[in-house]
Amino acid sequence: MKHLLRTALFLLLAAPAAVFAAIPVKVMVLTAFPPELAPWLKHMEHPTQIMVAGAYSPVWCEKSGVCVTETGEAQVNSTASVAAILASPKLELAHAVFLRAGIAGGPPWGDDTLGGAYWADWVVSWDLGHHLTALSHGAAEPLFLPLGDDQPPLGTHAFHLNPALVKLAYGVTKDTKLTDDENARNDRKLYPTQANRTPNVAIGATITGDDFWSGVKLSRIAQRIVSHYTHGEAHYATTAMEDTGDAGALARRGLLSHYLSLRTISDFDQPPAGQTAAAMLLSHNYPGGHIAFENAYRVGEAFVSYALAHPKTIAKTIAADSVPATHYPLTAAEAMGQ
């Protein structure tokens, strides 16, 4: 009888561990808000919903090892959500690729166009620096001053993403068929540099900030920030709101080499000739929104399919990261760039 009681007690105590065994995740897709999340959930087969303490929304996982979640918009939400997911005992993430798949703004010059997709080689902070007014006591001022020449405080001004993983993601998705529509084509006609453009897949830096800015001068500032903080290695391609939060949370856990940021352009970062930036923003018009949501899924899904089919290649590519890992916390001397 005592033996039976001990056995029953053992099974009772062991049951929770069996019930809540960590789910091995191969790809964790990060979206910011419902229109980005919707196409992923729509195409998932019987996903399991997992509640994660501290996360913005549930995590949905299917048997293939693909999971998706909504982190909420902006850096605080993304940082808190990713940190909570990383801390959850319900998910095994040591070998997972983290894929941010969402929309963004972009300049109407360069290779950008509405619906185009960019894999970020760098994730750069818009916020860390000094943003000034154009005039001070009647004298002209620079509109932006960086925090330091080498390493601004906190080590979160710029994250260089795993070059091998970015190159692989681009290589396996560059021929993805992207959609286009009449709204996007009509808006391109308002910008002389956009004549005959169609969406494609490319590589370029994303600049991240909670300030939803717009205008020619601010676009040039974005280019300057990206160039300065990457020491001229990257060019500004997209502007978004979550990526430094993702990168910062992952870097704290030594997982930055697992991170990819995919952004598709829903709108240009400045108005066309004859329209003010204020009018453009207040119109809440995203002429490339429909195709940007769809293309973010198409390109992201193309990479996910490859990752599931080639786990050994993904593992080797993650391990091949050539970017020195940022260690935390920084010393006082390092924080001061010394």
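Residues numbered from 1 in each chain as written. Predicted model: local features only at pLDDT ≥ 70, side-chain atom pairs only at ≥ 80, totals over all residues. Heavy atoms only, no water.

Novice: Explain the packing of helix α3 (residues 74–87) against helix α7 (residues 243–252) to me, please; I cannot follow it from the model alone.
Specialist: The description of two helices packed together rests on the angle between their axes and the distance between the axes. Viewed as axis vectors pointing N to C, α3 and α7 meet at an angle of 30 degrees, and their least axial separation amounts to 7 Å. Classified by the angle between their axes, α3 and α7 sit roughly parallel to one another. Judged by the twist between their axes, the crossing of α3 over α7 is right-handed. Touching Gln75, Ser78, Thr79, Val82, Ala83 and Leu86 of α3 are Thr244, Gly245, Asp246, Ala249 and Leu250, all from α7. (Axes fitted to C-alpha atoms, helices over the stretch in contact; angles between N-to-C directions. Helix = DSSP H or I, 4+ residues; strand = E, 2+ residues; numbered from the N terminus. Parallel < 35°, antiparallel > 145°, perpendicular 65-115°, else oblique. Left-handed = near helix turned anticlockwise from the far one by under 90°. Contact = heavy atoms within 4.5 Å.)

Novice: Please clarify how the state of the cysteines should be interpreted in this entry.
Specialist: Here a disulfide denotes a covalent bond joining the sulfur atom of one cysteine to the sulfur atom of another. What the rule picks out here adds up to 1 disulfide. Across the disulfide, cysteine 61 is cross-linked to cysteine 67 (sulfur-sulfur distance 2.0 Å). Here cysteine 61 and cysteine 67 share a disulfide; its torsion about the S-S bond, 110 degrees, makes the bridge right-handed. The residues cysteine 61 and cysteine 67 share a single accessibility class, namely buried. (Disulfide = S-S within 2.5 Å. Buried < 20%, exposed > 50% of the residue type's maximum accessible area, 1.4 Å probe, protein only.)

Novice: Teacher, can you tell me more about a nonpolar patch on the surface here?
Specialist: Together, Phe212, Leu281 and Tyr286 make up a nonpolar patch on the protein surface, roughly 270 Å² of accessible area in all. By the element assignment, tyrosine 286 lies in the loop between α8 (277–282) and α9 (289–309). Note on tyrosine 286: relative accessible area 38%, which makes it partly exposed. (Patch = residues over 30% accessible without salt bridge, like charges linked within 9 Å, V, L, I, M, F, W, Y side chains within 5 Å. Areas by Shrake-Rupley, 256 points an atom, 1.4 Å probe, with all protein chains shown as cover. Salt bridge = Lys/Arg side-chain N within 4 Å of Asp/Glu carboxyl O.)

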